[in-house]
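Inside the fold
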Amino acid sequence: DIAQIMKMVRSARPLPLVSGYVKRIDVDIKGTWRKPQLQGVFEIEQLDYQRFSLKRAPGSLNLKFSNLYRKPKMEGYLLVRKGTVSGPKTAVISLEESRLLFNRNRPGLRPLLDLRGLATVEKVEIQIAVKGTVTKPRLSCSQRSFRNRPLLTFISDGIRFACGLF
């Protein structure tokens, strides 16, 4: 079994263009080598993907793996309780409780998205939600407060970057 694990580790590919660091990791690993289960907490200090950044994001995970040596399947969730998302030409988004959901019936290790956040653009609060998959996200925005102009005016004025993050 150790030889199989080493082969899997050597053939693993890093996530493209993802860098950063995680601290305060406390994860329990249960189960067998072939069907491990990870449960615990972490804090993302900073995670960069392309030109976007997630900062100060505490979270937890509960993941079960199966078929690890052939076509890996994962079931469970990765939850982030809060955080700050920023990027070029985007409003800063205060991430609310958000999840990556893994279902063993989906091919590969592709999660379903359940992301939520709040951005403020020119004193207008915009609730942002992303559902769906990484390759086919469904973005929705709604205005929480009316101060000056409606959300559609902001979008038509080119301030759509509040929702352009995803």
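Right above here is the structure, for reference.
Residues numbered from 1 in each chain as written. Predicted model: local features only at pLDDT ≥ 70, side-chain atom pairs only at ≥ 80, totals over all residues. Heavy atoms only, no water.

**Overview of unusual backbone geometry**
Glycine aside, negative phi is the norm for most residues, and most peptide bonds take the trans geometry. Even without being a glycine, R24 presents a positive backbone phi close to 50 degrees. For R24, the position within the fold is in strand β1 (residues 18–31). Unusually for a residue other than glycine, Q50 sits at a positive phi of about 50 degrees. If you trace the backbone, Q50 turns up in the loop between β2 (36–49) and β3 (52–66). (Helix = DSSP H or I, 4+ residues; strand = E, 2+ residues; numbered from the N terminus.)

**Notes on the side chain of S53**
As for its position among the elements, S53 is in strand β3. Engagement of the side chain of S53 in a polar contact is seen with the side chain of D48, the distance being 2.7 Å. Setting aside chain neighbours within four positions, we find S53 in contact with Q46, L47, D48, T84, V85 and S86. (Polar contact = N/O pair within 3.5 Å; in protein donor to acceptor, adjacent residues only side chain to side chain. Contact = heavy atoms within 4.5 Å.)

**Some details on the pairing of strand β7 (residues 98–102)**
Sheet topology places strand β4 (residues 73–80) next to β7; five bridges connect them, and they run antiparallel. Bridging across to β7, G76 finds its partner in F102. Note: β7 against strand β8 (residues 112–121), three bridges, orientation antiparallel. Paired with L100 across the strands is L113, a residue of β8. (Pairing = 2+ DSSP bridges.)

**A short note on the environment of P88**
For P88, the position within the fold is in the loop between β5 (83–86) and β6 (93–95). P88 sits in the partly exposed class, given a relative accessible area of 30%. Along the primary structure P88 and S53 are separated by 35 residues, whereas in three dimensions their C-alpha atoms are 9.7 Å apart. Not counting chain neighbours up to four residues away, the residues in contact with P88 comprise R51 and F52. (Buried < 20%, exposed > 50% of the residue type's maximum accessible area, 1.4 Å probe, protein only.)

**Re the pattern of salt bridges**
One pass over the full model with this rule turns up five salt bridges. With a closest N to O distance of 2.9 Å, K23 and E45 form a salt bridge. Here K23, found in strand β1, pairs with E45, found in strand β2; they are 22 residues apart in sequence, far enough to count as distant. Salt bridges sharing common partners tie together D114, R116 and K131. (Salt bridge = Lys/Arg side-chain N within 4 Å of Asp/Glu carboxyl O.)

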